[in-house]
Amino acid sequence: MIKKFFKQKGVSLTEALVAIFVSTVVMGATYAIYANFQGTFVRQINYNNLKQEARFALHVLQHDSRMAGFKHERSTFGEVQIPVKVLNDDGTEVSDDTEFGETVMFCFDTEPYSADSNNPVPIQRKLIRYELQLPFTSATEKTTLKKKIWNTPTCDPNDANATVDVDWVPVAQFFKTMGIRLRSKHIDFEVQLETTDDKIRETYTASSYMRNLNFGGVNHYVYNEEDLNENRTAVL
């Protein structure tokens, strides 16, 4: 028996094939588990990226919507004539509170920082426009939310006194669609974001109450409210 053991020089072909088969199965299972964990890890990162972009975009939109219509006490521009405007993709204004637009514009007064409290900087009136645009010139889909800021006393970018303060800077990316709806003094945002590989698509919503449109109990924006502030043009 011992002599037979020491005379054996290797394994048989059958044993080698069995060993290769078992090794292949083990390696395949190991790789499948690794690929699954890796895919889950990448999907979680992509999901977090979408959530972070949506959160920041909605935060910025809500902040400016709450400021819409604000008139500073030292302002010399009069009332904010058009505090908020929502446009369709063809540039026309939305017709009612059931329609979602793709572009939104907010207008309000701001007070620039001044190091000398005894010599304050003059109040500025800002018009901010948000819309989806191409991330770069060779792109084919509008996936980046961008904004443009004007200094304009009339909330009109075409006004002779209007000047561009910030020219189309990116706010957030990975957008698929963006919808904005006005409901009296409320504004609703619905954004849909999608990863670059089209594997994850998420929809996020937010609303904001535009208190400056009804400051002091006087509504400045909607037709069906009474006592519109004088010289202010209602847009809905």
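Novice: Hey, could you run me through the pattern of salt bridges in this one?
Specialist: A side chain with one charge can pair with a side chain of the opposite charge if their charged atoms come near. Counted according to the given criterion, the structure contains ten salt bridges. In this structure, the salt-bridge partner of Glu131 is Arg129, at a minimum N-O distance of 2.8 Å. A relative accessible area of 22% means that Arg129 is categorised as partly exposed. Between Lys176 and Glu194 there is a salt bridge, and its shortest N-O distance comes to 3.7 Å. With Lys176 in strand S6 (residues 175-183) and Glu194 in strand S7 (residues 186-194), this pair connects stretches of sequence that are 18 residues apart. The exposure class of Lys176 is partly exposed, given its relative accessible area of 32%. Since its relative accessible area comes to 11%, Glu194 is described here as buried. Taken together, the salt bridges that share partners define one network made up of Lys176, Glu194 and Arg201.

Novice: What am I meant to see in the sheet that holds strand S8 (residues 201-209) here?
Specialist: Within a sheet, each strand pairs with its neighbour through backbone hydrogen bonds, oriented either parallel or antiparallel. With respect to topology, three strands assemble into an open sheet ordered S6-S7-S8, the strand pairing being antiparallel. A strand with exactly one partner marks an edge of an open sheet, and here the two such strands are S6 and S8. Neighbour-to-neighbour, the strand axes of the sheet open up by a mean angle of 10°, direction not taken into account. Bridging between S7 and S8 involves nine bridges; their strand directions are antiparallel. Bridge assignment links His186 to a residue of S8, and that residue is Tyr209. Sheet contacts for helix H2 (residues 13-67): S6, S7 and S8; angle to S8, the most-contacted strand, approximately 20°.

How each quantity is defined
Residues numbered from 1 in each chain as written. Predicted model: local features only at pLDDT ≥ 70, side-chain atom pairs only at ≥ 80, totals over all residues. Heavy atoms only, no water. Salt bridge = Lys/Arg side-chain N within 4 Å of Asp/Glu carboxyl O. Buried < 20%, exposed > 50% of the residue type's maximum accessible area, 1.4 Å probe, protein only. Helix = DSSP H or I, 4+ residues; strand = E, 2+ residues; numbered from the N terminus. Pairing = 2+ DSSP bridges. Axes fitted to C-alpha atoms, helices over the stretch in contact; angles between N-to-C directions. Contact = heavy atoms within 4.5 Å.

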